[in-house]
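# Structural overview
As a plain string of letters, each chain reads:
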Amino acid sequence: MDSGGPVYVGSSFRVTVVARVFGILAVILMLVWLLHYREGLEYDSENPSRVFNVHPLLMLLGLVITAGDAMMAYRSVAAAHNVQKIFHMFLNLLAICLGIIGICAVFKFHDMIKTVDVYSLHSWIGIATITLYCLQWLIGFVSFMFPKASRPTRSRISPLHSMGGRALLYMAVCAALTGLMEKATFLQLQPHQRETRLINFTGLSILLFGVFVELSLTFAGYRVNY
Ligand code: HEM
Ligand code: HEM
């Protein structure tokens, strides 16, 4: 008779490895773009483009890659649940810190080139993502760490917390993809230019990272009920 236990836990671990490969690829492609095709990056530069470039890199490293890794911590960190929870909490905090510095960089860039703030679809998705991400962190901390809700409340919150976290990763991926498209449009890149393809492959790697993080969480949670 079937025990009803999780049957895809092994696959889930392998899928986390695939997710990481796409994550690393996305970061490498982004660095090639910013360092080789663009002017490089520096937060304190006089050159607005170098200041701007801090934004895409930190947003990718923070709200996409570190966030995805934080979500996979319960699958990929071989330790007791409490240790996994601490990893999960700190990685999510790191994601938020990188995200905040990344957003400060683009606000600084807008100040330098004297343009208005938060007018595009990308910036709306971005602001919503970082705001809800901070809220999710606070609610997660209060419910699961300190002062910690009662066991029945925790078990009621847990699926909502998990769904909310996954939705936030989709939102961060949407923000990153709309950001890449917006920048490619501002730069007036031509259809078959190398840089256009590089940006497209960066976007695809980000998308596949998100898909594989989601798959790894789904596999691990899937149980046979028949
Ligand atoms: C999780 C990922 C991202 C988030 C949450 C995010 C968030 C934001 C926010 C809130 C702004 C508005 C800042 C202001 O109005 O002063 C902004 C601007 C901008 N971002 Fe991102 N961003 C992300 C990734 C990216 C990426 C990967 C690129 C690619 C180059 C990018 C390109 C831009 C551009 C061109 C602007 C200036 C134009 C505008 O305000 O829409 N972003 N971003
Ligand atoms: C202090 C902050 C946080 C704490 C203490 C915390 C705690 C937890 C705990 C205890 C679980 C496991 C629930 C269970 O066993 O069913 C969990 C799962 C999860 N959390 Fe958090 N969390 C925090 C922040 C966040 C944030 C900011 C996000 C994303 C935006 C997030 C996304 C998730 C996801 C997607 C899962 C499901 C993981 C899986 O299925 O393996 N968490 N969190």
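Residues numbered from 1 in each chain as written. Chains lettered and ligands numbered in written order. Predicted model: local features only at pLDDT ≥ 70, side-chain atom pairs only at ≥ 80, totals over all residues.

Moving on, we come to the overall build of the chain. A tally of helices and strands in the chain yields six helices and zero strands. Sequence-ordered secondary structure for the chain, helices as α and strands as β, is α-α-α-α-α-α. Summarising its shape, the C-alpha atoms of the chain cover approximately 65 × 40 × 25 Å along the three principal directions. Residues counted as buried form 31% of the 226 residues belonging to the chain. Looking at the chain alone, contacts between residues at least 24 apart form 77% of all its contacts between residues at least 6 apart. (Helix = DSSP H or I, 4+ residues; strand = E, 2+ residues; numbered from the N terminus. Buried ≥ 20, exposed ≤ 12 C-beta atoms within 10 Å, placed from the backbone. Contact = placed C-beta atoms within 7 Å.)

Turning next to the UniProt feature "transmembrane region" (unreviewed entry) in the chain. When the UniProt feature table is mapped to this numbering, "transmembrane region" (unreviewed entry) covers residues 12-34, 54-74, 86-109, 121-146, 167-186 and 198-222. Between the first and last C-alpha atoms of residues 121-146 the distance is 36 Å; the span itself is 92% helix and 0% strand. Structurally, residues 167-186 is divided into 100% helix and 0% strand, and its ends, taken at the C-alpha atoms, are 28 Å apart. (UniProt positions renumbered as here; feature names shortened; annotations may be inferred.)

Below, the discussion takes up the site of ligand 1. Around ligand 1 sit 26 residues in total, of which Met59, Ser120, Ser123, Gly126 and Gly179 are the nearest. Looking at the shell around ligand 1, the elements with two or more residues in it are helix H2 (48-76), helix H3 (81-112), helix H4 (121-144) and helix H5 (151-186). The element that contributes the greatest number of residues to the shell around ligand 1 is H5, accounting for seven residues. Among the residues forming the shell around ligand 1, the class breakdown is 15 nonpolar, eight polar and three charged. (Near = placed C-beta within 6 Å. Nonpolar A, V, L, I, M, F, W, Y, C, P; charged D, E, K, R; others polar.)

Here the focus is the nonpolar core. The biggest cluster of nonpolar side chains holds 46 residues, and the ones touching the most others in it are Leu60, Val64, Ala172 and Ala176. When contributions to this core are tallied by element, the ones reaching two or more residues are helix H1 (9-37), H2, H3, H4, H5 and helix H6 (194-221). Apart from the residues lying within four places of it in its own chain, the contact partners of Ala176 are Met59, Leu60, Val64 and Ile206. (Core = buried A, V, L, I, M, F, W, Y, C linked by C-beta atoms within 7 Å.)

The first and last C-alpha atoms of H4 sit 34 Å apart over 24 residues, in line with the 34 Å expected at 1.5 Å per residue. The complete set of buried residues in H4 reads Gly126, Thr129, Ile130 and Tyr133. (Expected span 1.5 Å × (residues − 1).)

Bringing the site of ligand 2 into the picture now. Looking at ligand 2, there are 23 residues lining it, with Tyr74, Gly140, Phe141, Ser162 and Gly165 nearest. Contributions of two or more residues to the shell around ligand 2 are made by H2, H3, H4, H5 and H6. When its residues are assigned to classes, the shell around ligand 2 shows eleven nonpolar, nine polar and three charged.

Attention shifts here to unusual backbone geometry. Here Phe146 and Pro147 are connected by a cis peptide whose omega angle stands at 0°. Tracing the chain through its elements places Pro147 in the loop between H4 and H5. Notably, Lys114 is not glycine yet its phi reads approximately 50°, a positive angle. By secondary structure assignment, the location of Lys114 is in the loop between H3 and H4. Even without being a glycine, Gln188 presents a positive backbone phi close to 50°. Looking at the secondary structure, you find Gln188 in the loop between H5 and H6. Judged by local crowding, Gln188 falls into the exposed class, with 6 C-beta atoms found within 10 Å.

Once that is clear, we can look at the UniProt feature "domain: Cytochrome b561" (unreviewed entry) in the chain. Under the UniProt annotation, the feature "domain: Cytochrome b561" (unreviewed entry) is placed at residues 18-218. Helix makes up 83% of residues 18-218 and strand makes up 0%, while its end C-alpha atoms are separated by 14 Å.

The next subject is H3. For H3, which comprises 32 residues, the first-to-last C-alpha distance of 47 Å matches the rise-based estimate of 46 Å (1.5 Å per residue) to within 8%. Immediately beyond the C-terminal end of H3, within one or two residues, lies Lys114, with a positive phi of roughly 50°.

Once that is clear, we can look at the environment of Leu169. If you trace the backbone, Leu169 turns up in helix H5. Judged by C-beta crowding, with 22 C-beta atoms within 10 Å, Leu169 ranks as buried. Each C-alpha atom of the pair Leu169 and Asp111 lies 29 Å from the other, and the pair is 58 residues apart in sequence. When near neighbours in sequence (up to four residues on either side) are disregarded, Leu169 contacts Ala67, Gly68, Met71, Gly210 and Val213.

When two helices pack together, their arrangement is captured by the angle between the axes and the distance separating the axes. It is the contact of H2 with H6, at a shortest axis distance of 10 Å, that shows an interaxial angle of 15°. Relative to H6, the element H2 lies roughly parallel. As for the relative orientation of H2 and H6, their crossing is left-handed in sense. Here Leu60, Val64, Gly68, Met71, Met72 and Arg75 of H2 lie close against H6, whose contacting residues are Ile206, Phe209, Gly210, Val213, Ser216, Leu217 and Ala220. Split by residue class, the contact of H2 with H6 holds nine nonpolar, three polar and one charged. (Axes fitted to C-alpha atoms, helices over the stretch in contact; angles between N-to-C directions. Parallel < 35°, antiparallel > 145°, perpendicular 65-115°, else oblique. Left-handed = near helix turned anticlockwise from the far one by under 90°.)

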